[in-house]
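An overview of the molecular structure
Here's the letter readout for the chains.
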Amino acid sequence: MDSSSKFPLPFNQLSQFKSLSDHQKEIQPLKMAELFAAGSGRFSAFNIKAAGLNLDYSKNRINDKTIPLLCDLARACSLPESIKSMFNGDLINQSENRPALHSALRNFSGEPVLVDGKDVMPEIQKTMKRMKEFCWSIRSKHWRGFSNKPFKDVVSIGIGGSFLGPKLASEALKPYWGKGIACHYLANIDGSDLTEVLQGLNPETTLFIVQSKSFNTQETLKNANECREWFLLNGGTTDDLARHFSAVTSNVEKAKQFGINEQNIFPMWDWVGGRYSLWSAIGLPLMLTIGYKNFREMLLGAYEMDCHFQEAPLEQNMPVIMGLLGVWYVNFFNAQSHAVLPYDHYLRNLPSHIQQLDMESNGKSVDVYGRTLDYQAGPIIWGGVGSNGQHAYHQLLHQGTQFVPCDFILPLTSHNPVDQFHELLVSNCLSQSQALMQGKSLAQARSELADSGVDSDQLETVALQKVISGNRPSNTLYFDISTPKTVGALIALYEHKVFVQGKIWGVNSFDQWGVELGKQLGDKVHDALLSEDGLADNAMAAEFDESTQGLIEAFQAMKNKL
Ligand code: F6P
């Protein structure tokens, strides 16, 4: 589509983009190690505190001009106005004609939030009250199973945003789990996932929560049906379903058709995207394990980050700085991916949640006006828990040809202060970001080898293998300890970082049309896999390319052998 039309210019055609391109040429040759050596007070200059989190962004390829130039670009892309628009409930999810109001779920301002002119806060508060009562009745053993035993296990059946957020938060907050209720997550359409989850569970003391905004997701419905079968085959009756099954969905009718009593159905609203829904009743499994008070603390942490995001000037705004640094690397240093590296066992699922949050939001190639992007947008998000990653993929981070900016996430204290462990974990985290920044020169490599007695004809070749370029950027997000509040703030931080980037790239961060095709094609493949006469039916075979046909036939050949 012609970008010279009535729509705003794409960001890469703005003068502010040009200024940044020129600036990048200045920055490119600079070594961060030298910038630090110059004693410029970088650590205090490039540090932001908000909602209990601290961001050290001094190990970035920036000088004192970079952030102002990035903020100029953000203003030229109307970022401040867009932030207001989101919190106001404007229809910013244009392709679905919806607001994006996950922030309303954690709105402690006392102010109304209007959707179609109606304040949604009373409904949110009513649902939160129902969740609190539901959890209290179960945790206090008033609500019991069909044999009058208290519940011991909750099985949360859901996938995507109906799985990743709750799983991240409940494992991140394991130290806050109350006694007596363990949470299990069932997501995949894989009999092994189902078998593993149900293994060892007692239907008398197991509660199932079917988590699905649409109540139309193949994996979730299949798993829910199979869990209901398991329940009915192991002592439960249809009359007992009401005690043992609940649902969180915006499709109440379908949940009732499944056989769930209406009073056990908690609402979701279409102005909350799946990957942004942890704060809604989708967080019920989490509330069952950590209790209402801790869940509310998590909401409060997210709310504090919301306030910071709305109030702090762009230059001192944590989500804005993280978002703009990401744009700096994707669009001016050609970064294709971004690594999220939590140095905390309990936060080990953070990368998986951020993968959906970021890649399902900004993994787009058309802007909100339908124009194909002629620049990179959402990067590939990956990562894993430290220090394990150091023994898996940090080699690439240090010496690979890929330029991968990293986020290190670090609680300064541990919930389990075992002898010296935390000091070692912290030293690993800090030294990894230090090594990425400073690297190892050829001269250093040579002298190390010479000192270790390597003979001269080998020395040069090996020394060259040992050079570490350094100058590889990272952020370090650190905080006292993982609490419900800091976890809430951390997740909200990344939600807003993604929003900032989506605004700069001009994409709609709140729809996900790309996942529809796979679902549509899946139905036809599934029919072919189940058909008795295989692809002998030419009409069916003609539906598929040769590869898909071959794979279907291989599956059927195996099935016929069994
Ligand atoms: O991946 C597509 C998607 O729609 C996600 O956005 C969503 O979180 C997930 O599937 C599950 O959807 P539902 O909650 O409707 O089952």
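Note: the structure precedes this text.
Summary of the structure given here. (Residues numbered from 1 in each chain as written. Predicted model: local features only at pLDDT ≥ 70, side-chain atom pairs only at ≥ 80, totals over all residues. Heavy atoms only, no water.)

A closer look at helix α7 (residues 164-172)
At 3.6 residues per turn, the α-helix brings residues three or four places apart onto the same side. For α7, a buried count of eight out of nine residues is recorded, marking the element as mostly surrounded by other parts of the structure. Within the span of α7, buried status applies to L164, G165, P166, L168, A169, S170, E171 and A172. Contacts made by the buried residues of α7 are with β6 (182-186), β7 (206-211), α12 (284-311), α14 (350-362) and α19 (484-505). (Buried < 20%, exposed > 50% of the residue type's maximum accessible area, 1.4 Å probe, protein only. Helix = DSSP H or I, 4+ residues; strand = E, 2+ residues; numbered from the N terminus. Contact = heavy atoms within 4.5 Å.)

Some points on the site of the ligand
Inspection of the region around the ligand gives 13 residues, with S162, S212, S214, T217 and E360 positioned closest. G161 places a polar main-chain atom, nitrogen or oxygen, 2.7 Å from an oxygen atom of the ligand. In the environment of the ligand, an oxygen atom lies 2.7 Å from a nitrogen or oxygen atom belonging to the side chain of E360. In the complex, the protein chains occlude 86% of the 400 Å² of accessible area that the ligand would expose alone. Here the residues of the shell around the ligand are counted per class, giving two nonpolar, nine polar and two charged. (Near = heavy atom within 4 Å. Polar contact = N/O pair within 3.5 Å; in protein donor to acceptor, adjacent residues only side chain to side chain. Areas by Shrake-Rupley, 256 points an atom, 1.4 Å probe, with all protein chains shown as cover. Nonpolar A, V, L, I, M, F, W, Y, C, P; charged D, E, K, R; others polar.)

Structural notes on unusual backbone geometry
Put simply, G386 and S387 share a cis peptide bond, and its omega is 15°. Within the element layout of this structure, S387 appears in the loop between β11 (380-383) and α15 (394-399). One non-glycine residue, N471, lies in positive phi territory at about 60°. Along the polypeptide, N471 turns up in the loop between α18 (456-466) and β13 (474-479).

Brief notes about the nonpolar core
Residues F11, W328 and L477 are the most contacted members of the largest nonpolar core, which totals 118 residues. Ranked by residues supplied to this core, first place goes to α19 with twelve residues. Excluding residues that lie within four positions of it along the chain, W328 makes contacts with L20, H23, Q24, I27, R61, I62, T66, L70 and F333. With 22 residues, the next largest nonpolar core counts L194, F215, W230 and I260 among its residues. (Core = buried A, V, L, I, M, F, W, Y, C linked by side-chain atoms within 4.5 Å.)

Overview of the sheet that holds β13
Judged by pairing direction, the sheet is mixed, and its six strands sit side by side in the order β1-β2-β13-β12-β10-β11 without closing on themselves. Both edges of this open sheet fall to β1 (47-50) and β11, since each of them pairs with a single strand only. In this sheet, neighbouring strand axes are inclined to one another by 20° on average, regardless of whether the strands run parallel or antiparallel. With four bridges joining them, β1 and strand β2 (residues 53-56) adopt antiparallel strand pairing. Paired with K49 across the two strands is N54, which belongs to β2. (Pairing = 2+ DSSP bridges. Axes fitted to C-alpha atoms, helices over the stretch in contact; angles between N-to-C directions.)

As for the environment of H244
Along the polypeptide, H244 turns up in helix α10 (residues 241-244). The buried category is assigned to H244, whose relative accessible area is 0%. On a C-alpha basis, the gap between H244 and L207 in space is 4.7 Å, while along the polypeptide they are 37 residues apart. For H244, the residues in contact, after removing those within four places along its chain, are G145, F146, F151, P203, E204, T206, L207, F208 and F231. For H244, the side chain forms a polar contact with the main-chain nitrogen of F146, separated by 3.0 Å. Within the structure, H244 has its side chain in polar contact with the backbone oxygen of T206 (distance 2.8 Å).

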